[in-house]
Amino acid sequence: MTKTSTHKGAMRGGALVLFSAGQDSATCLAWALTRFARVETIGFDYGQRHRIELSQRPLLRERIAGLRPNGEPWGGEMGADAVVDLRGYGALAESALTADRAIEMAESGLPTTFVPGRNLVFLSVAAAHAYRRGLDTLVGGMCETDYSGYPDCRAATIDAMQRALSLGLDREIAVETPLMRRSKAETWALAREIGGDALVALIQEHSHTCYEGVRAELHEWGYGCGSCPACELRAKGYAAWRSAA
Ligand code: ZN
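Residues numbered from 1 in each chain as written. Predicted model: local features only at pLDDT ≥ 70, side-chain atom pairs only at ≥ 80, totals over all residues. Heavy atoms only, no water.

Draft legend 1. Looking closely at the overall build of the protein chain. Helix and strand content of the protein chain: seven helices and seven strands. Along the protein chain, from the amino end to the carboxyl end, the secondary structure elements read β-α-β-α-β-α-α-β-α-β-α-β-β-α. Looking at the protein chain alone, contacts between residues at least 24 apart form 69% of all its contacts between residues at least 6 apart. Of the roughly 11200 Å² that the protein chain leaves accessible, carbon and sulfur atoms contribute 49%. (Helix = DSSP H or I, 4+ residues; strand = E, 2+ residues; numbered from the N terminus. Contact = heavy atoms within 4.5 Å. Areas by Shrake-Rupley, 256 points an atom, 1.4 Å probe, with all protein chains shown as cover.)

Draft legend 2. Here's a closer look at the pairing of strand β3 (residues 77-85). By the bridge criterion, seven bridges tie strand β2 (residues 36-45) to β3 in an arrangement that is parallel. Pairing of Thr41 across the sheet is with Asp81, part of β3. Viewed along the sheet, the connection from β2 through helix α2 (residues 52-66) into β3 turns out right-handed. (Pairing = 2+ DSSP bridges. Right-handed = clockwise from strand over helix to strand, strands pointing away.)

Draft legend 3. The arrangement of the sheet that holds β2 in detail. Taken together, five strands build an open sheet; the order of strands is β3-β2-β1-β4-β5 and the sheet is parallel. Looking at strand neighbours, the two that pair on one side only are β3 and β5 (174-176), the edges of this open sheet. Between one strand and the next, the sheet's axes are offset by a mean angle of 25 degrees, whatever the strand orientation. Of the strand pairs in this sheet, strand β1 (residues 12-18) and strand β4 (residues 137-139) are connected by three bridges, and their pairing is parallel. Looking at the pairing, Val17 lines up with Val139 of β4. With respect to the sheet, helix α4 (residues 118-133) is in contact with β1, β2, β3, β4 and β5, its orientation differing from that of β2 by roughly 135 degrees. (Axes fitted to C-alpha atoms, helices over the stretch in contact; angles between N-to-C directions.)

Draft legend 4. Examining the pattern of salt bridges more closely. In total, this model carries 10 salt bridges according to the counting rule given. Across the salt bridge formed by Arg38 and Glu40, the nearest N and O atoms sit 2.6 Å from each other. Classification of Glu40 as buried rests on a relative accessible area of 2%. For Arg181, the salt bridge goes to Glu144, with nearest N and O atoms at 2.3 Å. With Arg181 in the loop between β5 and α6 (184-206) and Glu144 in the loop between β4 and α5 (155-169), this pair connects stretches of sequence that are 37 residues apart. (Salt bridge = Lys/Arg side-chain N within 4 Å of Asp/Glu carboxyl O. Buried < 20%, exposed > 50% of the residue type's maximum accessible area, 1.4 Å probe, protein only.)

Right under this line is the structure:
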C-alpha cells in the first residue's frame with residue numbers, strides 16, 4: 001500500500017473541491033488535502049429532490065478535515081466552504097433528480113437522472129469563485145469509467161472546459177479529476193490508500209449517494225435504498241473492492 005506523502009514542501013497552492021458529500025467528492029476532498037496547501041469547497045443547491053446531500057456536507061467536511069491519516073494531519077489546510085443557490089438552473093434543467101418522477105432510462109439512452117449541462121454550470125460557477133478566492137485548481141469527482149454515460153463527465157468535456165475557463169478568465173485554471181479513469185472499486189481503494197480505514201469508514205457512514213435520499217439502514221457500503229442506480233453502482237463497487245482486497 002502506498003504511503004501518501006504529507007510532506008509540506010511538495011504541496012501545491014490552492015484548490016477548490018466541488019463537494020457534494022457523495023462518495024466520489026468525499027474521496028476527491030481527501031485527495032486534495034494530500035496535494036494542496038489550501039483546500040476550499042463549494043457545493044450547489046440546484047433544487048435536488050432530497051436535501052440529504054446538502055445536509056451531510058458540513059459534517060462530512062469537518063470529519064474529513066479532522067482525520068489524521070498515518071497519525072499526522074493532512075498536508076493541506078481545510079479552508080472555507082461555499083454553497084451556491086442554483087435553483088433557477090435546476091428548475092430549467094429539471095429531471096428525475098430534481099422532479100418527483102420515476103428514475104428510468106430515457107429514450108435518448110441517457111438516464112433520466114441526467115441533468116443537462118450540470119457539470120458545465122458547476123465548473124463555470126466554481127471557476128468564478130476560485131478566481132475570486134485566488135485558487136487556480138478545481139477538483140471534481142467526474143468519472144467516465146463505470147458511470148451512467150453522462151456526457152459532461154467525459155475527460156474530453158472536462159479538458160475542453162479547462163481550456164474555455166482558462167481563456168475566458170485569462171488565467172490558467174486546472175481542472176483535476178482524480179477519479180476519471182477509476183472504477184467504483186478503485187475509488188474505494190484510493191480512499192483506503194489516502195486515508196486508511198478511518199477515511200473508508202467516514203465515507204461509508206457519512207457520504208450520501210442514493211438518488212432516493214434514503215438513510216434508514218446502514219449497509220456495509222453506506223446508507224441508501226439499495227435499489228436505485230446510484231446505490232447499485234456503489235454497492236457493486238464496494239463488493240468488487242472487498243473481494244479484490
Ligand atoms: Zn438508492
